[in-house]
Amino acid sequence: MDQYLDATIGDNFRVLPDVLKNLKKDRDHLKAQLKGTVETTTEGEWPSIVLDIQSILKDLQTLHDKCTVLDHSSQLLDPVLIKCAKATESTVEEILDAQRSQSYLKWLKAVQKWSGSIDICLKRGSPQDAVRAYSQLSYIAGQLQNSKCAHLERYAYGTQQYWCGRLQDKVTSDFLATLKELKWPTPFSSSSHIQDLWHKCNQRFTELFNLLLELGTPPPPAPPRAPRAPHGGHRDLCEGHSIKLQDPLVLPIKVLLEPLKKRFQFHFYGNKKTNMKEKPEWYFTQVSTWINDHSHFMEKIVQPLMQGPYQGVNARLEFIRGLLQEVEVKLLHDMSTILYEDAIMAHLIDELLLFEKELRSVVQYPSPHPSCLHVLYDDLALHKWVTLEKQFALERIEKVTLSPTAWQCQYGDMAAADDTCVPECTEGFMGIIAGITERYKYVEGMEHQVTFLELQLDLLMEFHQDLVTAAKKAAGAQPSENLCAYLNSAHYITLILKKWGEQEFFLRLHYHLNPHPKHSATDRGNHPSLEWLQHIISTRRMDPQFAESEGCVFATPLAAFSSLVDDILGWMGQQVISVAKDNCKRYKRDKWHHMTLDKDVVFLDPSPSASELFSWLRDQLVFIESHVSPHVIPDLYSLINKELDRLLLTEARMCVVASNHFSEGGATQLDYDLSKVLVSLLAEFFVDIPSVHLLEMTQEACRLLKLLPGTAKLMEGMLEPLQQGTVDTDVYSAAITALSDMGVHTLEPLQALSILMLRVEPA
């Protein structure tokens, strides 16, 4: 029992209430166990169980008594302990104050020690030792950050900053002197003399460069899974971090850039002849030249020196960013005056975009790195850019549409050179739209890109409206060259917009504007990730129905131009049929019921009254072939075939078949004219439509009219019950089967009956 109390309570009498509580729980638990044991215990086991219970109860009572005594003793000791604690509290606090003071003096002496060491090393002319002492001072200042000793923290930080400035000035001065000896910024590999100088100053250059690295501020640590950079395997400083163009440069590279920045400021500021706001390409070209001249030096000489916390820094890209900082300052300096001069502003935008394109494609400056283009992202500058873009686009569109040859194909032989037969102005217009894309595709931020996309959509819809107006005016009595040109234009634009709509650039914009519920977002904004987008592109290519259901950014103009194509096709089809009606009048009035069949004639001749129709129709088809894009012709021919079939068979008051009665000779002549001559004529042009489907209902009607009298009577008898309305299914199926056996698959049974009743049987 004593062992249990020592293990459970020890010197901590405050736990006695908890111990009593736990003992009571144990007792209740034992009672419950005992109750269960009673129910399952035999009579012979009871004596031993009773003895065990009595022993346990005795022990519990003893334990309870001792706990009660100990609890009473602890209550008597509590006031004594509290009194002792109050008596020693002030002494303990004095000891702690002494310890804090001792620690404070220790840190203060450490700061003063290393500060003095730096001073001694500088006076002795040993910057390397001074920088090493500075590293110790920086470590101490870092340890004191967020300390409650605010004065000590400020003192350490101030001391560190003081010596940082002094050391940077000293080492920078020595480094610039070394660069002067190397004839910097003369290109490293320009002559053997420079190579000799480098071998002489190499060690000194390396020492000073490393000292400047130690005196600089290292970049933030890289994320653990950063992708490999494109240059020399060195990780990109921008990876995982949102770095801005004007963020501080790595110190030694900043010093390397000082002579170049001085030259830049000398030539492109003030009253120098090279400082012309009308010629921004001059300083863009100069910066490009410096990048090309010194890329080898940065990659082969400077990059190996990037060690320690700077190992992830790409020296070449830092060098380029430093030059771009100066370009940005120049752009901001000139922007206030250029912004209100349209011609100069437009030229600056063009040159800046060309410079950006060269940086990304030729210089291989990675897209995550910031550039000078964001100077144009200011609300006022961006609005001006979009306004100028629209202004110059409208001017160029007006110029191409008012050209004397605007609606002519720019290729003489269209079939050989261009199967789209696109007019000059339409191709020029789409070139203008594509040019806008080329300019804004380098713009960062989808919200800015959407602004230019909206401009493109507006221009497309304006051109569509102009095309609709022109097409309606050209929809005269028969197809014209202009109407064909408008049709080709609308069709060509639909082809281009469908192609653009599936490009990754425009798909990214589409899913930015219409977020997909299942898409995976990147860390930079809520934009579709590259992996998800590649999956979507692959799915769209394999499943056209999915692509159609998903849509694209050009859905509105695409639907508008597609509708215009259908409208013009309808107008042209109606024009052809309208003139065909006039040419059918004489042919319709032939005395078909009086025609006789000459048994001696082996080969029939076309009806003279049909020659005008056939000749005119051939001329129209030749015209269409030479002026309409082959991509659209099948749809137009399908429409003409359908309407011409209806005209010859069922057109009210104008049809040839339904408005006449036919003798055996008349039916034979009609069949020859339509099924042989006219179908053969159409087959020359309607190559995508099988001959059996040309004037399909008319050919079937001719077959019925040419039936032998007995066969015709049998067919009439089979079809007449169908006039009663409600007809047995078996009767209807039998009629359909009989018609199919005769080659009639398109005409309804009642239509076939009405045609059979047009026969004039011989007396």
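This is a predicted model, so every value here is computed, not measured.

**Focus: the overall build of the chain**
When you go through the chain residue by residue, the secondary structure sums to 26 helices and zero strands. Burial statistics for the chain: of 763 residues in total, 42% are counted as buried. Of the contacts formed within the chain by residues at least 6 apart in sequence, a portion of 73% connects residues at least 24 apart. Carbon and sulfur atoms provide 54% of the accessible area of the chain, an area that totals close to 41300 Å².

**Thoughts on the packing of aromatic side chains**
For the structure on display, the rule yields 25 aromatic pairs. Note on W184 and F297: the rings are 5.2 Å apart at their centroids and 40° apart in plane angle, and the pair reads as tilted. Of this pair, W184 sits in the loop between α5 (150-181) and α6 (192-215) while F297 sits in helix α8 (residues 280-302), and the two are 113 residues apart along the sequence. Assigned by exposure class, W184 and F297 land together as buried. Put simply, the rings of W385, Y440, F452, W500, F505, F506 and F554 touch in pairs and so form one group of aromatic residues. Taking the ring centre of Y269 as reference, the NZ or CZ of K330 above it sits at 4.8 Å.

**Considerations on the pattern of salt bridges**
Across all of its chains, the model carries 25 salt bridges by this definition. When the shortest N-O distance is used, the salt bridge between R132 and D129 registers 2.1 Å. Residue R132 and its partner D129 are both found in helix α4 (residues 127-143); the two are separated by three residues, about one turn of the helix. Of the residues examined, D129 reaches a relative accessible area of 26% and is grouped as partly exposed. Here K706 and D671 are joined by a salt bridge, their closest N and O atoms 3.1 Å apart. Of this pair, K706 sits in the loop between α23 (696-705) and α24 (709-719) while D671 sits in helix α22 (residues 664-685), and the two are 35 residues apart along the sequence. Accessibility expressed as a relative area gives 8% for D671, which makes it buried.

**Brief notes about a negative patch on the surface**
The grouping of E454, D458, E462 and D466 at the surface amounts to a negative patch. Secondary-structure assignment places E462 in helix α14 (residues 446-474). Judged by relative accessible area, which is 34%, E462 ranks as partly exposed.

**Comments concerning the packing of helix α16 (residues 504-513) against helix α17 (residues 530-542)**
Interaxial distance between α16 and α17 falls to 11 Å at its minimum, and their mutual angle equals 110°. By the angle between their directions, the pair α16 and α17 is classed as roughly perpendicular. In this structure, α16 uses E504, L507, R508 and Y511 to contact α17, whose residues at the interface are L530, W532, L533, Q534, I536, I537 and R540. For the contact of α16 with α17, a count of residues per class yields seven nonpolar, one polar and three charged.

**Some thoughts on helix α26 (residues 749-756)**
Taken together, the buried positions of α26 are P749, A752, L753, I755 and L756. All buried residues of α26 project into a common sector of 160° when viewed along the axis, lining one side. Buried positions along α26 lie against α21 (633-649), α23, α24 and α25 (729-741).

**Some points on unusual backbone geometry**
For the peptide bond that leads from W184 to P185, omega is 10°, which places it in the cis range. One non-glycine residue, Q364, lies in the positive phi region at around 65°. Within the secondary structure, Q364 is located in the loop between α10 (342-361) and α11 (379-401). With a phi angle near 45°, L695 is a residue other than glycine that sits in the positive phi range. Among the structural elements, L695 can be located in the loop between α22 and α23. Residue classification places L695 among the buried residues on the basis of a relative accessible area of 1%.

**Things to note about the nonpolar core**
Ranked by size, the top nonpolar core spans 197 residues in total, and within it F205, L644, L670 and L678 carry the most contacts. With sequence-adjacent residues up to four places away left out, L678 is seen in contact with F614, L617, L644, L648, D673 and L695. In terms of nonpolar packing, the next biggest core, distinct from the first, is built from six residues, L507, L533, I536 and I537 among them.

**Quick notes on the side chain of S607**
Relative to the assigned elements, S607 resides in the loop between α19 (555-588) and α20 (608-627). Separated by 2.4 Å, the side chains of S607 and D673 make a polar contact. When neighbours within four sequence positions are excluded, S607 is seen to be in contact with Y587, D590, W592, Q669 and D673.

**Considerations on the packing of α21 against α22**
α22 packs onto α21 with a crossing angle of 165° between their chain directions and a minimal axis gap of 12 Å. When the axis of α21 is compared with that of α22, the two are roughly antiparallel. As α21 packs across α22, the resulting crossing turns out to be right-handed. Residue-level inspection shows Y637, L644 and L648 of α21 in contact with α22, the latter providing L674, L678, L682 and F685. Of the residues in the contact of α21 with α22, the class split is seven nonpolar, no polar and no charged.

**As for the confidence of the model for the chain**
For the chain, the average pLDDT comes to 85, and 87% of its residues sit at 70 or higher. A low-confidence stretch, residues 222-241 stays under pLDDT 50, and its non-local contacts, those more than four residues away or across chains, total 44 contacts. Of the regions scoring below 50 in pLDDT, residues 520-525 engages in 13 contacts with residues more than four places distant in sequence or in other chains.

**Observations regarding the environment of T668**
Assignment of secondary structure puts T668 in helix α22. Taking the relative accessible area as the measure of exposure, T668 reaches 18% and is therefore buried. The sequence separation of T668 and R703 amounts to 35 residues, and the corresponding C-alpha distance is 9.4 Å. Every residue in contact with T668, bar those within four places of it in the chain, is listed here: L597, L604 and K706.

**Looking at the environment of S563**
Looking at where S563 falls in the secondary structure, it is placed in helix α19. Taking the C-alpha atoms as reference points, S563 and H491, 72 residues apart in sequence, are found 9.9 Å from one another.

**Things to note about α17**
Counted at 1.5 Å a residue, the expected span for α17 with its 13 residues is 18 Å, and the 18 Å between its end C-alpha atoms agrees. Within α17, burial applies to W532, L533, I536, I537 and R540. Projected down its long axis, α17 carries its buried residues within an arc of 140°, all on one side. Turned more than 90 degrees from where α17 packs its buried face, E531, H535, R541 and M542 sit exposed. Looking at the packing, one finds that the buried side of α17 touches α15 (481-501), α16 and α18 (544-550).

**Focus on the environment of E481**
The residue E481 is located in helix α15 in this model. Among the residues examined, E481 registers a relative accessible area of 51% and is labelled exposed. If sequence neighbours within four positions are ignored, E481 has contacts with F623 and H627.

Criteria and cut-off values
Residues numbered from 1 in each chain as written. Predicted model: local features only at pLDDT ≥ 70, side-chain atom pairs only at ≥ 80, totals over all residues. Heavy atoms only, no water. Helix = DSSP H or I, 4+ residues; strand = E, 2+ residues; numbered from the N terminus. Buried < 20%, exposed > 50% of the residue type's maximum accessible area, 1.4 Å probe, protein only. Contact = heavy atoms within 4.5 Å. Areas by Shrake-Rupley, 256 points an atom, 1.4 Å probe, with all protein chains shown as cover. Phe/Tyr/Trp six-rings, centres within 6.5 Å; stacked < 30°, edge-to-face > 60°. Lys NZ or Arg CZ within 6 Å of the ring centre and 35° of its normal. Salt bridge = Lys/Arg side-chain N within 4 Å of Asp/Glu carboxyl O. Patch = residues over 30% accessible without salt bridge, like charges linked within 9 Å, V, L, I, M, F, W, Y side chains within 5 Å. Lys, Arg positive; Asp, Glu negative; His and termini not counted. Charge placed at Lys NZ, Arg CZ, Asp CG, Glu CD. Axes fitted to C-alpha atoms, helices over the stretch in contact; angles between N-to-C directions. Parallel < 35°, antiparallel > 145°, perpendicular 65-115°, else oblique. Nonpolar A, V, L, I, M, F, W, Y, C, P; charged D, E, K, R; others polar. Arc of directions from axis to C-beta. Core = buried A, V, L, I, M, F, W, Y, C linked by side-chain atoms within 4.5 Å. Polar contact = N/O pair within 3.5 Å; in protein donor to acceptor, adjacent residues only side chain to side chain. Left-handed = near helix turned anticlockwise from the far one by under 90°. pLDDT = per-residue confidence, 0-100. Expected span 1.5 Å × (residues − 1).

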